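# Working through the structure, step by step
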Amino acid sequence: MIGAKLVCLECGQTNRVPCDRLGQGPKCGICGAGLMPGRAVDVDPGVLGRAARGDEVPLVVDFWAPWCGPCRRMAPEYNRVAADLRGRVRFVKLDTEAHPEVASRQGIRGVPTLMLYRGGQAIARQSGMMPAAGIRAWIDRALEAGAGDGAAAAATLRGASDRSRSA
Ligand SMILES: [Zn+2]
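Residues numbered from 1 in each chain as written. Predicted model: local features only at pLDDT ≥ 70, side-chain atom pairs only at ≥ 80, totals over all residues.

## What to know about the overall build of the protein
Looking only at helices and strands, the protein has five helices and seven strands in total. Taken from the N to the C terminus, the helices and strands of the protein come in the order β-β-β-α-β-α-β-α-β-β-α-α. Going through the 167 residues of the protein one by one, you find that 33% of them count as buried. Relative to all contacts within the protein whose residues are 6 or more apart in sequence, the contacts with residues 24 or more apart total 63%. (Helix = DSSP H or I, 4+ residues; strand = E, 2+ residues; numbered from the N terminus. Buried ≥ 20, exposed ≤ 12 C-beta atoms within 10 Å, placed from the backbone. Contact = placed C-beta atoms within 7 Å.)

## Quick look at the packing of helix H2 (residues 69–84) against helix H4 (residues 132–145)
Remark: H2 packs on H4, axes separated minimally by 8 Å, with the N-to-C direction vectors making an angle of 50 degrees. With respect to each other, H2 and H4 are oriented oblique. For the pair H2 and H4, the sense of crossing is right-handed. Where H2 approaches H4, its residues Glu77, Tyr78, Arg80, Val81 and Asp84 are matched on the opposing element by Ala132, Ile135 and Arg136. Within the contact of H2 with H4, the residues separate by chemical class into four nonpolar, no polar and four charged. (Axes fitted to C-alpha atoms, helices over the stretch in contact; angles between N-to-C directions. Parallel < 35°, antiparallel > 145°, perpendicular 65-115°, else oblique. Left-handed = near helix turned anticlockwise from the far one by under 90°. Nonpolar A, V, L, I, M, F, W, Y, C, P; charged D, E, K, R; others polar.)

## Observations concerning helix H1 (residues 45–54)
Those residues of H1 that fall on the buried side of the exposure criterion are Val47, Leu48, Ala51 and Ala52. Taken down its axis, H1 places every buried residue within 125 degrees of arc, on the same side. In the core, the buried residues of H1 are packed alongside strand E1 (4–7), strand E4 (59–64), strand E5 (90–95) and strand E6 (113–118). (Arc of directions from axis to C-beta.)

## A closer look at the environment of Leu59
Note that Leu59 resides in strand E4. According to the C-beta neighbour criterion, Leu59 is buried, with 25 such atoms within 10 Å. For the pair Leu59 and Gly119, spaced 60 residues apart in the sequence, the C-alpha separation amounts to 9.3 Å. Those residues within four positions of Leu59 in sequence are excluded, and the remaining contacts are Ala51, Ala52, Arg90, Val92 and Tyr117.

## Considerations on the confidence of the model for the protein
Detailed conclusions should not be drawn from predicted coordinates in areas where pLDDT is low. Overall, the predicted model of the protein reaches an average pLDDT of 89, with 87% of residues at or above 70. Contacts for the low-pLDDT stretch residues 150–167, under 50 throughout, to residues beyond four places or in other chains number 21 contacts. (pLDDT = per-residue confidence, 0-100.)

Right, dumping it as structure tokens:
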């Protein structure tokens, strides 16, 4: 691969970043925002949709709400994982109170709910407050299950009866 496509989380422009530069603080060619900020970035539904479909780096979304205590407690934990995985995975947040239509389209029934996108598909989903170690373990498991092949990972997770993972 020559480079990974990343949608700028600020302006929504698609950038192509050489894979060996992902960990070196790449910036958007249009607006100059950091493409791998190492923290969770608030996004609107338009940017979220473009990033979820187009990103060639795994994308984690935290569907949260301002009134939700567990969501607020999870926020620093989520940011810690975002810092740990800087250059490998991107982390965004979507406010489901401000954008209820997105939550209902995604079938989000409770907050916080995390979704992991890879290769344009949602490959994992987890509801409930988790500490940083739990979030990290969930991401690692989901990415291992689909190592190198997002479509296969999605297919694996879709087969509800197939719980066999190489653990
Ligand atoms: Zn930008």
